[in-house]
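Below are the chains, spelled out letter by letter.
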2 protein chains.
Amino acid sequence: LDATAVADAEARQAGLVKPAGALGVLESLSIQLAGIARTCPPAVPGAPAVAVFAGDHGVLAQGVTPWPKDITAVMVEVFRNGGAAINVLSRACGASVTVVDIAVDGDVAEGVGTGAEVLSRKVRRGTADLAKGAAMTRDEALAGLAVGIEIANRLVDGGADLLLTGDMGIGNTTPSAALIAAFTGTDADLVTGRGTGIDDETLNRKTEIVAAAVARTAGVDDAINLLAEVGGLEHAGIAGLVLGGAARGVPVLLDGVIAGSAALVAQRLAPASIDYCIAGHRSVESGHIVALQQLGLRPLVDLDLRLGEGTGAALSVPLVQAAARVLNEMATLESVMAGPDA
Amino acid sequence: LDATAVADAEARQAGLVKPAGALGVLESLSIQLAGIARTCPPAVPGAPAVAVFAGDHGVLAQGVTPWPKDITAVMVEVFRNGGAAINVLSRACGASVTVVDIAVDGDVAEGVGTGAEVLSRKVRRGTADLAKGAAMTRDEALAGLAVGIEIANRLVDGGADLLLTGDMGIGNTTPSAALIAAFTGTDADLVTGRGTGIDDETLNRKTEIVAAAVARTAGVDDAINLLAEVGGLEHAGIAGLVLGGAARGVPVLLDGVIAGSAALVAQRLAPASIDYCIAGHRSVESGHIVALQQLGLRPLVDLDLRLGEGTGAALSVPLVQAAARVLNEMATLESVMAGPDA
């Protein structure tokens, strides 16, 4: 972040017509936005863009979720037609929606629908079963990262000034938990959650699968190799979006646990990229807070969401805009005390 | 709330294209909004209106805050001219701002400024010192409630479909703490906080004053008498706004600790009025969560705000709108599974 803009924003916050610190997290967020924009006050983000990375997961063969794999492709069509939660919440905050087929195990047509543009960037048809070996090759993980970077560039070139991460992938809380365990050194049972709703027996099986997969990565330190071993291609895409957004100097608003786990990959590859990240919300998935702690991010909203798609990021767009507006529009104590004739 | 609309909204939520419960608090909020609107789906609130009740407090003589009393009247002018945080955050969410001089100890002119309309409804020039006796008479407390009800009617008649509570009053966290202690039976030290920032010595003095004032009310059960004894006129106005909003069937979005303590008065007078309330945010002031527990409300955002003015309510307007939009705009599982040709 730009040190001069950060210092200017800190000084400006201190002079606004309110007690110091009274706007809490909005103040630190406004300072971060100034540092990202490299100017104070920063422009208010007005063109948010959600990138929803969609992919399937071989680990579904282990019965880690009651939902069938086909739902991933079905939901891509719902996104295209504008009926999903992310469509609704994106319309609410004026965000565009771009769905990226990065690993859907089914045929997805490119094209612009009433709800979203769908892009085909399929690296492979679903990952391999991470319970039995690496989820993907190192080259596939790199290809997934490159897709994310390309999407960041595409969206920023198209005018986006705030990137939001989204995901769709039945079973993708399993690789998320594995990534969080692997990147933070936390036990599997502390970071494996119920996803969209599973019973105790399924949770136990899911936790064992995560623990076994992570155990296989003992000694692996390379972020790309870890991603390939236990991750998913949505995660690769989101990590690439973070890297691409940071490289373009655009803030990246993270959704929930899928995004949090993916951001750990970006953090390992380029720690400074996290300076450009904002945590949109706190998921109920237990691993998310572990990821956020390692990222050093505080979530803006905490409303028990566990849907993904980018919904938690979209919900927090108005908060990000509000933080920037405070720095742009509030009067200073000095001007108020000088009176209207000054 | 309307039981049929609530049941319809519950059924509709259960059929939307997402796992049950995956939108967390947004789901319960959408059901509440349907119950308030007496129809499902409820219209998306599009005309929010903030009422900022401004008043002074005799307890300032006890040195409970480092800020001078004059700031209250100064801030009314800042609101009028549009430079305060509540002006910025209201513009961000499309809310109108109405400032009500209910007890400012200074001259405030009525009139419409670029930032707010200012109304004169002065019940008295500041309350009496609650450390030495009742802060106001019972008649004055009733007059304050009537002001709040009048403002609710005025705003709803003007087209508002979502009322936001706001306040301005140097020293008003002291009567807030006293109201919370008196209405919840909680010890003063658990509900008295640092307000806009006071040192340990001042906090101790403030806590002793709150404890002594509450002790004086032992045996008093009547809500109006308690309000008169230890409250403020902003509190009376806000309690009236809650009652008036509920009576008109309009949701009331509460700001922080001042609003939370005032809502306790409304709750005692008319428990059902709280069904119409939504907690905008959680203040850092310790008494706020105690008040919210008694009200049975969960705050939408928790960003360490401690400014008042209505800022925490204004910040959460987009979340309320998002909840209503979900119920209006999301596709159903049934329609998705039937396919585009169904």
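Bear in mind that the values here come from a model prediction, so they are computed numbers and not experimental data.

### What to know about the overall build of chain A
Secondary structure summary: chain A contains 15 helices and seven strands in total. Taking 342 residues into account, the globule formula puts the C-alpha radius of gyration at 20 Å, and chain A, at 20 Å, falls close to it. For the C-alpha atoms alone, the extent of chain A along its principal axes is close to 75 × 40 × 35 Å. For chain A, the residues scored as buried account for 63% of the 342 residues in total. Contacts spanning at least 24 positions in sequence make up 75% of the contacts within chain A whose residues lie at least 6 apart. Summing over all exposed atoms, chain A offers an accessible surface of approximately 11,200 Å²; the carbon and sulfur share of this is 51%.

### Digging into the layout of surface pockets
As a volume, the largest pocket reaches approximately 320 Å³. Looking at the largest pocket, it is lined by 20 residues, and the ones nearest its centre are A:Ala92, A:Pro318, A:Gln321, B:Pro318 and B:Gln321. Of all the elements in the fold, those that place two or more residues in the lining of the largest pocket are α4 (85-93), α13 (311-315) and α14 (317-329) of chain A together with α4 (85-93) and α13 (311-329) of chain B. Here the lining of the largest pocket is built from residues that sort into 16 nonpolar, two polar and two charged.

### Quick word on the sheet that holds strand β7 (residues 277-279) of chain A
Residue and element names in this part refer to chain A. Ordered in space as β3-β4-β2-β1-β5-β6-β7, the seven strands form an open sheet in which the pairing is mixed. Looking at strand neighbours, the two that pair on one side only are β3 (111-112) and β7, the edges of this open sheet. One ladder, built from seven bridges, connects strand β1 (residues 48-55) with strand β5 (residues 162-168); its direction is parallel. By the bridge assignment for β5, Phe53 is matched with Asp167. Together, β1, β2 (96-103), β4 (117-120) and β5 form the strand contacts of helix α5 (residues 138-157), whose direction differs from that of β1 by roughly 155°.

### Observations concerning helix α1 (residues 3-15) of chain B
What sets the pattern is the α-helix's 3.6 residues per turn: residues three or four places apart point alike. Residues and elements named next belong to chain B. With 13 residues, α1 extends 19 Å from end C-alpha to end C-alpha; this agrees with the ideal 18 Å at 1.5 Å per step. Along α1, the residues that are buried comprise Ala5, Val6, Ala9 and Gln13. Taken down its axis, α1 places every buried residue within 100° of arc, on the same side. Pointing more than 90 degrees away from the buried face of α1 are the exposed residues Ala3, Thr4, Ala11 and Ala14. Of the surrounding elements, those touching the buried residues of α1 are α2 (25-37) and α13.

### Details of the domain arrangement of chain A
Residues and elements named next belong to chain A. Per the domain assignment, the segments of chain A are domain 1 (3-43 + 326-338) and domain 2 (48-319). Distance between the C-alpha centres of domain 1 and domain 2: 32 Å. Listed as interface residues are seven residues of domain 1 and, on the opposing side, 10 residues of domain 2. For the pairing of domain 1 and domain 2, the buried interface totals around 650 Å² over both sides, and the portion due to carbon and sulfur atoms is 70%. The largest per-residue losses of area from domain 1 upon contact with domain 2 belong to Val25, Leu29 and Ile36, which jointly make up 65% of the total buried on that side. Where domain 1 packs against domain 2, one counts zero salt bridges. Run the count over domain 1 and domain 2 and you get two residue pairs in polar contact (both at pLDDT 80 or more).

### What about helix α3 (residues 71-81) of chain A?
Taken together, the buried positions of α3(A) are A:Ile71, A:Thr72, A:Met75, A:Val76, A:Val78, A:Phe79 and A:Arg80. Taken from the residues just after α3(A), A:Gly82 is the one with a positive phi, measuring 85°.

### Describing the pairing of β1(A)
Put simply, side chains in a regular strand alternate between the two faces of the sheet. Residues and elements named next belong to chain A. For β1, the tally of buried residues reaches eight of eight residues, placing the bulk of the element in the interior. Here β1 shows no split at all, with Pro48, Val50, Val52 and Ala54 on one side and Ala49, Ala51, Phe53 and Gly55 on the other all buried. Pairing of β1 with β2 involves seven bridges; the strand directions are parallel. Paired with Ala49 across the two strands is Ser96, which belongs to β2.

### Details of the sheet that holds strand β2 (residues 96-103) of chain B
Residues and elements named next belong to chain B. An order of β3-β4-β2-β1-β5-β6-β7 is seen for the seven strands of this open sheet, with the pairing classed as mixed. Two strands bound the open sheet, and with one partner strand each, they are β3 (111-112) and β7 (277-279). As defined by bridge partners, strand β6 (residues 252-254) adjoins β7 across three bridges and the pair is classed as parallel. In the strand pairing of β7, Leu254 is matched with Ala279. With respect to the sheet, helix α5 (residues 138-157) is in contact with β1 (48-55), β2, β4 (117-120) and β5 (162-168), its orientation differing from that of β1 by roughly 155°.

### A look at unusual backbone geometry
A:Cys40 connects to A:Pro41 through a cis peptide bond whose omega is -5°. Its place among the elements puts A:Pro41 in the loop between α2 (25-37) and β1. For A:Arg38, which is not a glycine, the phi torsion comes out positive at approximately 65°. If you trace the backbone, A:Arg38 turns up in the loop between α2 and β1. For A:Arg38, a relative accessible area of 53% puts it in the exposed group. A positive phi angle is found at B:Asp304, which is not glycine, with a value near 60°. Tracing the sequence through the fold places B:Asp304 in the loop between α12 (286-295) and α13.

### A word on the packing of helix α1 (residues 3-15) of chain A against α2(A)
Residue and element names in this part refer to chain A. It is at 8 Å that the axes of α1 and α2 come closest, and there the two elements cross at 150°. Classified by chirality, the crossing of α2 by α1 is right-handed. In this structure, α1 uses Ala5, Val6, Ala9, Glu10 and Gln13 to contact α2, whose residues at the interface are Leu26, Glu27, Ser30, Ile31, Ala34 and Gly35. Looking at the contact of α1 with α2 residue by residue, the class counts come to six nonpolar, three polar and two charged.

### Observations concerning the pairing of β4(A)
All names here are of chain A. Pairing of β2 with β4, which is carried by four bridges, proceeds in the parallel orientation. Looking at β4, one finds that Thr98 is bridged to Glu117. Pairing of β3 with β4 involves two bridges; the strand directions are antiparallel. Its bridge partner being in β4, Gly111 is matched across the sheet by Val118. The turn joining β3 and β4, which pair antiparallel and follow one another in sequence, is formed by four residues.

### Re the side chain of A:His57
Residue and element names in this part refer to chain A. Within the fold, His57 resides in the loop between β1 and α3. The class for His57 is buried, based on a relative accessible area of 5%. Polar side-chain contacts of His57 include one of 2.7 Å to the side chain of Glu234.

### Points about the relation of the copies chain A and chain B
For the pair chain A and chain B, the superposition axis carries a translation of 0.0 Å, the fit reaches an RMSD of 0.0 Å, and the rotation angle comes to 180°. Look at the turn and shift together and you get a two-fold axis relating the two. Considering only C-alpha atoms, the part of chain A nearest the rotation axis is A:Val301, at 2.8 Å. Both copies present the same face, since 100% of the interface residues in chain A are matched by interface residues at the equivalent positions in chain B.

What counts and how
Per chain, residues are indexed from 1 in the order of the written sequence. Chain labels run from A onward and ligand labels from 1 onward, assigned in the order the entries are written. Totals for whole chains, interfaces and linings use every residue, but because this is a predicted model, local features are given only for residues with pLDDT of at least 70 and side-chain atom pairs only at 80 or more, for both listing and counting. Only hydrogens and water are removed before side-chain values are computed, so all heavy atoms of the structure are retained for them. Here a strand is any run of E in DSSP of at least two residues, a helix any run of H or I of at least four, and the numbering for each starts at the N terminus. Throughout, the radius of gyration refers to the C-alpha atoms, and the reference size of a globule is 2.2 Å times the residue count to the power 0.38. With a 1.4 Å probe rolled over the protein chains alone, any residue whose accessible area is under 20% of its type maximum counts as buried; one over 50% counts as exposed, and the rest are partly exposed. A contact between two residues is defined here by any heavy atoms of the two lying within 4.5 Å. The Shrake-Rupley method, run with a 1.4 Å probe, gives the accessible areas here. Residue values count only the displayed protein chains as cover. Grid spacing is 1 Å over the protein atoms alone, the probe is 1.4 Å, and a cavity is where that probe fits but cannot get out, while a pocket is an open set with protein on both sides within 12 Å along at least five of seven lines and lining residues have an atom within 4 Å of a point. Grid points are joined across faces, edges and corners, and a volume is the space filled by probe spheres set on the points. Residues are grouped as follows: Ala, Val, Leu, Ile, Met, Phe, Trp, Tyr, Cys and Pro are nonpolar; Asp, Glu, Lys and Arg are charged; every other residue, Gly included, is polar. Two strands pair under a simple rule: DSSP has to find at least two bridges between them. Axis definition: a line fitted to C-alpha atoms, limited for helices to the stretch in contact. Angles are taken between N-to-C directions and run from 0 to 180 degrees. In a helix, the anticipated span is given by 1.5 Å times the number of residues less one. Along the arc lie the directions from the helix axis toward the C-beta atoms. For the purposes of this description, domain bounds are those given by an automatic or database domain assignment. In this description, buried area is defined as the sum, over both parts, of the accessible area (probe of 1.4 Å) that is lost when the two are combined. Salt bridge, as used here: a side-chain nitrogen of Lys or Arg that lies within 4 Å of a carboxyl oxygen of Asp or Glu. For the purposes of these results, a polar contact is taken to be a pair of N or O atoms within 3.5 Å, where, inside protein, one atom must be able to donate a hydrogen and its partner to accept one; residues adjacent in sequence count only when each atom of the pair is a side-chain atom. By definition, any crossing whose near helix is turned counterclockwise from its far helix by less than a right angle is left-handed, and any crossing with a clockwise turn is right-handed. Least squares is used to superpose the copies, and the fit set is the C-alpha atoms of residues whose pLDDT is at least 70 in both copies.

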